[in-house]
Amino acid sequence: MPSLDQTDWDILRVLQQNAKASCSTIAKLIYVSEGTVRTRMRKLLEAKVFDFIIYTDPKKNWFGRSSYYWYTHSN
């Protein structure tokens, strides 16, 4: 696992509070460029520091049961 600096931790903190936050929103909140956020997130995803998991509501999906989806980032 790569060593994480304060910017990495700040990105992860924002994502924990709001997983839907855009890169531009994160950048504004932590006072870095959007490109920095995109690059850091790509590296964190590639290093498997975090991942996106999507949960569907069984009352609202077609199958009537809980579902989990994993987002895998690839170039």
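Rules of the game
Residues numbered from 1 in each chain as written. Predicted model: local features only at pLDDT ≥ 70, side-chain atom pairs only at ≥ 80, totals over all residues. Heavy atoms only, no water. Core = buried A, V, L, I, M, F, W, Y, C linked by side-chain atoms within 4.5 Å. Buried < 20%, exposed > 50% of the residue type's maximum accessible area, 1.4 Å probe, protein only. Contact = heavy atoms within 4.5 Å. Helix = DSSP H or I, 4+ residues; strand = E, 2+ residues; numbered from the N terminus. Salt bridge = Lys/Arg side-chain N within 4 Å of Asp/Glu carboxyl O. Arc of directions from axis to C-beta.

Let's talk about the nonpolar core
Among the nonpolar cores identified, the biggest contains 15 residues, and Ile11, Leu15, Ile26, Ile30, Val37, Met41 and Phe50 are the most heavily contacted of them. Every residue in contact with Ile11, bar those within four places of it in the chain, is listed here: Ile26, Ile30, Val37, Arg40 and Met41.

Brief notes about the side chain of Asp8
Relative to the elements of secondary structure, Asp8 occurs in helix 1 (residues 6-17). Take Asp8: its relative accessible area is 8%, and that puts it in the buried class. Not counting the four nearest positions on each side in its chain, Asp8 is found in contact with Ser3, Arg40 and Leu44.

As for unusual backbone geometry
The phi torsion at Tyr31 lies on the positive side, around 60°, for a residue other than glycine. Counting through the fold element by element, Tyr31 comes out in the loop between helix 2 (23-30) and helix 3 (34-46). The phi angle at Lys48 is positive, at roughly 60°, despite the residue not being glycine. On the secondary structure map, Lys48 appears in the loop between helix 3 and strand 1 (52-56).

Remarks on the pattern of salt bridges
Considering all chains together, one arrives at five salt bridges under this definition. For Arg40, the salt bridge goes to Asp5, with nearest N and O atoms at 2.7 Å. A residue pair is termed long-range when its members are at least 10 positions apart, and Arg40 in helix 3 and Asp5 in the segment before helix 1 qualify at 35 residues. The residue Asp8 makes a salt bridge to Arg40 at a minimum N-O spacing of 3.0 Å.

A short note on helix 2
Three or more residues of helix 2 are buried, namely Cys23, Ile26, Ala27 and Ile30. Viewed along the axis of helix 2, the buried residues span an arc of 100°, placing them on a single side of the element. When the buried face of helix 2 is taken as reference, the exposed residues oriented beyond 90 degrees from it are Lys28 and Leu29. As for helix 2, its buried residues are in contact with helix 1 and helix 3. Within two residues after helix 2, Tyr31 carries a phi angle of roughly 60°, on the positive side.

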